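Single-letter residue listing:
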Amino acid sequence: GGIMINLFAIILAVLAAALRLTDHAPNIAAIGALALWSGSYLKSPYKYFLPVAVMLITDSIIGFYNPAVMAAVYGSYCLGAIIGSYTTKRTAANVALATISSSLGFFFITNFAVWAAGSMYAKNLAGLIQCFTMALPFFRNTFMSDLLFSTIFFGVTALALSKQKNFAYYFQ
């Protein structure tokens, strides 16, 4: 499966980058799913490199933003890769649990960074609560797209690997 996984890594990275560069609703992205998939299928340091590289390339086109928030976003995707690395039994339930964990991690880390590094919210508990409350509609999009793309990325990979084994059987 090594060559196929490497090919899939390239294809999924290109798809995730293309989605970031198209007009879409806020927080609809495949990078979270790419991070989970990378963590599950790729070795270090590639599992971290792939989602971060896609972000750097696409951010260089879209535009960079607050460095502290960027660091939180990139770090959150590395956390997704770490969570993915614990997803070695790639059942639907495990992928769903990993997706939920990764999406929640992304939500809390990045919105804490928006609150801490930005000027939109008061620097007190009320401001932090307001920041998280205002971010909930974005979380819905993050979670739904993470769930959709994780299902596709892990499902297509599992299907392709099972077909590869069946195909190889005929040539033994």
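Data block above holds the structure.
Side note on the overall build of the chain
- When you go through the chain residue by residue, the secondary structure sums to six helices and zero strands.
- Each helix (α) and strand (β) of the chain, taken in turn from the N terminus, gives the series α-α-α-α-α-α.
- Over its C-alpha trace the chain gives a radius of gyration of 17 Å, about what one expects of a compact globule, namely 16 Å for 172 residues.
- Viewed in the frame of its principal axes, the chain has a C-alpha envelope of about 65 × 35 × 30 Å.
- Expressed as a percentage of its 172 residues, the buried residues of the chain come to 42%.

Digging into the packing of helix H4 (residues 67-85) against helix H5 (residues 92-117)
- In the contact formed by H4 and H5, the axes pass within 9 Å of each other and the chain directions differ by 165 degrees. Taken together, H4 and H5 sit at an angle that is classed as roughly antiparallel. The chirality of how H4 crosses H5 is right-handed. Contacts between H4 and H5 pair Ala68, Val69, Ala72, Val73, Ser76, Tyr77, Leu79, Gly80 and Ile83 from the former with Ala98, Ser101, Ser102, Gly105, Phe106, Ile109, Thr110, Ala113, Val114 and Ala117 from the latter.

Structural notes on the pattern of salt bridges
- Enumeration over the complete set of coordinates arrives at one salt bridge.
- Close ionic contact of Arg20 with Asp59 constitutes a salt bridge, the shortest N to O distance being 3.0 Å. Placement of Arg20 in helix H1 (residues 2-21) and of Asp59 in helix H3 (residues 46-62) is noted, with a sequence separation of 39 residues between them.
- With relative accessibility at 17%, the residue Arg20 sits in the buried group.

A few points about the layout of surface pockets
- Considered as a void within the structure, the largest pocket measures approximately 840 Å³ in volume.
- Contributing to the lining of the largest pocket are 33 residues, with Asn27, Val69, Val73, Phe106 and Phe138 lying nearest its centre.
- Elements with a minimum of two residues in the lining of the largest pocket: helix H2 (31-41), H3, H4, H5 and helix H6 (125-169).
- It is H6 that contributes the most residues to the lining of the largest pocket, seven residues altogether.
- A per-class count over the lining of the largest pocket returns 20 nonpolar, ten polar and three charged.
- Taken as a whole, the second largest pocket holds about 180 Å³ of empty space.
- Looking at the second largest pocket, the residues that line it are Asn6, Ala9, Ile10, Leu42, Lys43, Tyr46, Phe49 and Leu50.
- Elements with a minimum of two residues in the lining of the second largest pocket: H1 and H3.
- Classifying every residue of the lining of the second largest pocket by side-chain character gives six nonpolar, one polar and one charged.

Cut-offs applied
- Residues numbered from 1 in each chain as written.
- Predicted model: local features only at pLDDT ≥ 70, side-chain atom pairs only at ≥ 80, totals over all residues.
- Heavy atoms only, no water.
- Helix = DSSP H or I, 4+ residues; strand = E, 2+ residues; numbered from the N terminus.
- Rg over C-alpha atoms; globule rule 2.2 N^0.38 Å.
- Buried < 20%, exposed > 50% of the residue type's maximum accessible area, 1.4 Å probe, protein only.
- Axes fitted to C-alpha atoms, helices over the stretch in contact; angles between N-to-C directions.
- Parallel < 35°, antiparallel > 145°, perpendicular 65-115°, else oblique.
- Left-handed = near helix turned anticlockwise from the far one by under 90°.
- Contact = heavy atoms within 4.5 Å.
- Salt bridge = Lys/Arg side-chain N within 4 Å of Asp/Glu carboxyl O.
- 1 Å grid on protein atoms, 1.4 Å probe; cavity = no way out; pocket = protein on both sides within 12 Å on 5 of 7 lines; lining within 4 Å.
- Points joined across faces, edges and corners; volume = space filled by probe spheres on them.
- Nonpolar A, V, L, I, M, F, W, Y, C, P; charged D, E, K, R; others polar.

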